[in-house]
Amino acid sequence: AEQYFQLPFKSWTLIFSTSARVFISGLASFWIYRQIGDIIWIERGQKAKKILSHWTGSCEWNFSNKYYLLEAEEYWCNDDCEHAKTSYNKAIYYAKEHKFINEE
């Protein structure tokens, strides 16, 4: 599992081939943290969120809804339901706005 979470990015050409992996690993990490409470999992989720934040700054259209979903998951892990709800709504809004129908 450790190798799966190693995310070395040396080229922008790798972004699209790994963006799904980063996003899904972030979602899974936050979920696993909620199940077992091991801090390593929330750290992995935060790492994925940080990467998506960087990509969102470069291409908001493709990554903003994914970033806000990871943000919502992190808030949920921290029992911050109000901020989680706001971020979930942002994720839905950007998925609709940017025509990612399968991600709404």
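The structure contained in this document is the topic of the report that follows.

What counts as what
- Residues numbered from 1 in each chain as written.
- Predicted model: local features only at pLDDT ≥ 70, side-chain atom pairs only at ≥ 80, totals over all residues.
- Heavy atoms only, no water.
- Helix = DSSP H or I, 4+ residues; strand = E, 2+ residues; numbered from the N terminus.
- Buried < 20%, exposed > 50% of the residue type's maximum accessible area, 1.4 Å probe, protein only.
- Contact = heavy atoms within 4.5 Å.
- Areas by Shrake-Rupley, 256 points an atom, 1.4 Å probe, with all protein chains shown as cover.
- Phe/Tyr/Trp six-rings, centres within 6.5 Å; stacked < 30°, edge-to-face > 60°.
- Core = buried A, V, L, I, M, F, W, Y, C linked by side-chain atoms within 4.5 Å.
- Polar contact = N/O pair within 3.5 Å; in protein donor to acceptor, adjacent residues only side chain to side chain.

Looking at the overall build of the protein chain
1) Next: Helices and strands together make up the secondary structure of the protein chain, namely 4 helices and 0 strands.
2) Next: Scored against the burial criterion, the 104 residues of the protein chain give a buried share of 39%.
3) Next: Restricting to contacts in the protein chain with at least 6 residues of sequence separation, those with at least 24 account for 53%.
4) Next: Summed over all atoms, the accessible surface of the protein chain reaches about 6,500 Å², with 56% contributed by carbon and sulfur.

A closer look at the packing of aromatic side chains
1) Next: Counting across every chain of the model gives 4 aromatic pairs.
2) Next: Ring geometry for Y67 and Y68: centres 5.4 Å apart, planes at 70 degrees, overall edge-to-face. An identical accessibility class is assigned to Y67 and Y68; each is buried.
3) Next: Ring centres 5.1 Å apart and planes at 75 degrees place the aromatic pair Y93 and Y94 in the edge-to-face group.
4) Next: Owing to a relative accessible area of 44%, Y93 belongs among the partly exposed residues under this scheme.

Observations regarding the environment of K99
1) Next: With respect to the element layout, K99 can be found in the segment after helix 4 (81-97).
2) Next: Given the relative accessible area of 62%, K99 is considered exposed.
3) Next: Considering only alpha carbons, one finds K99 and W61, 38 residues apart in sequence, at a separation of 9.3 Å.

A word on the nonpolar core
1) Next: Within the largest apolar cluster, 17 residues are counted, with the highest numbers of intra-cluster contacts made by V22, L52, W55 and L70.
2) Next: Looking at this core, the elements that each hand over two or more residues are helix 1 (15-36), helix 2 (39-58), helix 3 (60-77) and helix 4.
3) Next: Considering every element that reaches this core, the biggest residue donor is helix 2, with 6 residues.

Observations concerning the side chain of H98
1) Next: You can see H98 is positioned in the segment after helix 4.
2) Next: A polar contact of 3.1 Å, which involves the side chain of H98, links it to the backbone oxygen of W61.
3) Next: Not counting chain neighbours up to four residues away, the residues in contact with H98 comprise E60, W61 and S64.

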